[in-house]
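Letter by letter, the chains look like this.
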Amino acid sequence: PMFGGGLTVRVLRAGAFQLSVGADVVVASGVNMNPLLMIASGVLERKKLLVDIGLINVDPAVRVAIGLSRVFGIQSSFGVGYTRTKIENPSDGTNTVTKDATLKWGMALSLDFASVFAPLGLLGGYQLNKEFDGGTTHQIEGGFYYTGRPNLTLGVGVAAQLRSVDDEKNIGGQFSLYYVW
């Protein structure tokens, strides 16, 4: 299971400009399947197939948002992320703990068509993650969201990550439901 949450506090609001600070925290634990390892060993055992993973992620950030019109907005954020990952591999009895710190900068463009024809929002964004150990990750994301209520975020998003160190590529999607009060 994965649990997470965040807190953002508005520091300044002047017209269409908004400055805020916040932090997001994610705690996850679960099991990853590795069928290739089991096939390579030729033995059908749980310890050859499954790897236990635990993760803690903390991301404090400063965020800026500007509403350029009733339809078009732009957001940017800068922060530092910290991730601790523990992997327990029952096949060889090893436990690996990694700790990563990352500088993060992101920018997103949003379109909200609620004032034009329907409460539909489009979001497109880019995030650059520069890890202190030298790796770089580029993340591109987009989504469709319901914008009919100012305190509700409801929608579907897709993201692609490209990591420079090992040419790893990840593509994922998520259903989002947030209520802000």
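## Brief notes about the side chain of serine 176
Stage number 1. Among the structural elements, serine 176 can be located in strand E9 (residues 169-179).
Stage number 2. A residue is classified by how much of its surface remains accessible, and serine 176, at 3% relative accessible area, is buried.

## Thoughts on the pattern of salt bridges
Stage number 1. Scanning the model with the defined rule gives three salt bridges in all.
Stage number 2. Two residues, aspartate 24 and arginine 63, come together in a salt bridge whose shortest N-O distance is 3.4 Å. Placement of the pair is aspartate 24 in strand E2 (residues 17-33) and arginine 63 in strand E3 (residues 50-67), with a sequence separation of 39 residues.
Stage number 3. Take aspartate 24: its relative accessible area is 32%, and that puts it in the partly exposed class.

## A word on the packing of aromatic side chains
Stage number 1. Going through the model one piece at a time under the given rule, you end up with two aromatic pairs.
Stage number 2. With 5.4 Å between their ring centres and 25° between their planes, phenylalanine 113 and phenylalanine 117 make a pair best called stacked.
Stage number 3. Residue phenylalanine 117 is classed as exposed on the basis of its relative accessible area, which comes to 60%.

## Things to note about the environment of valine 158
Stage number 1. With respect to the helices and strands, valine 158 occurs in strand E8 (residues 152-163).
Stage number 2. Each C-alpha atom, one on valine 158 and one on glycine 124, is 9.7 Å from the other, the two residues being 34 residues apart in sequence.
Stage number 3. When sequence neighbours within four positions are dropped, the list of residues in contact with valine 158 reads Ile140, Glu141, Gly142, Gly172 and Gly173.

## Let's talk about the environment of glycine 79
Stage number 1. Mapped onto the secondary structure, glycine 79 falls in strand E4 (residues 72-89).
Stage number 2. By relative accessible area, which is 8% here, glycine 79 ends up buried.
Stage number 3. Sequence separation between glycine 79 and tryptophan 105 is 26 residues; the distance between their C-alpha atoms is 6.6 Å.
Stage number 4. Those residues in contact with glycine 79, other than ones at most four positions away along the chain, are Pro60, Ala61, Thr102, Leu103 and Lys104.

## A short note on the pairing of strand E7 (residues 136-146)
Stage number 1. As paired elements, strand E6 (residues 120-131) and E7 share 11 bridges and run antiparallel to each other. By the bridge assignment, leucine 120 is partnered in E7 with tyrosine 146.
Stage number 2. Where E6 hands over to E7, the hairpin turn is made up of four residues, of which glycine 134 adopts a positive phi near 110°.
Stage number 3. For E7 and E8, the ladder comprises 10 bridges, and the chain directions are antiparallel.

## A short note on the confidence of the model for the protein chain
Stage number 1. Looking at the protein chain as a whole, its pLDDT mean stands at 85, while 87% of the residues score no less than 70.
Stage number 2. Mean pLDDT across the elements of the protein chain ranges from a minimum in helix H2 (residues 46-49), with 60, to a maximum in E6, with 94.

Cut-offs applied
Residues numbered from 1 in each chain as written. Predicted model: local features only at pLDDT ≥ 70, side-chain atom pairs only at ≥ 80, totals over all residues. Heavy atoms only, no water. Helix = DSSP H or I, 4+ residues; strand = E, 2+ residues; numbered from the N terminus. Buried < 20%, exposed > 50% of the residue type's maximum accessible area, 1.4 Å probe, protein only. Salt bridge = Lys/Arg side-chain N within 4 Å of Asp/Glu carboxyl O. Phe/Tyr/Trp six-rings, centres within 6.5 Å; stacked < 30°, edge-to-face > 60°. Contact = heavy atoms within 4.5 Å. Pairing = 2+ DSSP bridges. pLDDT = per-residue confidence, 0-100.

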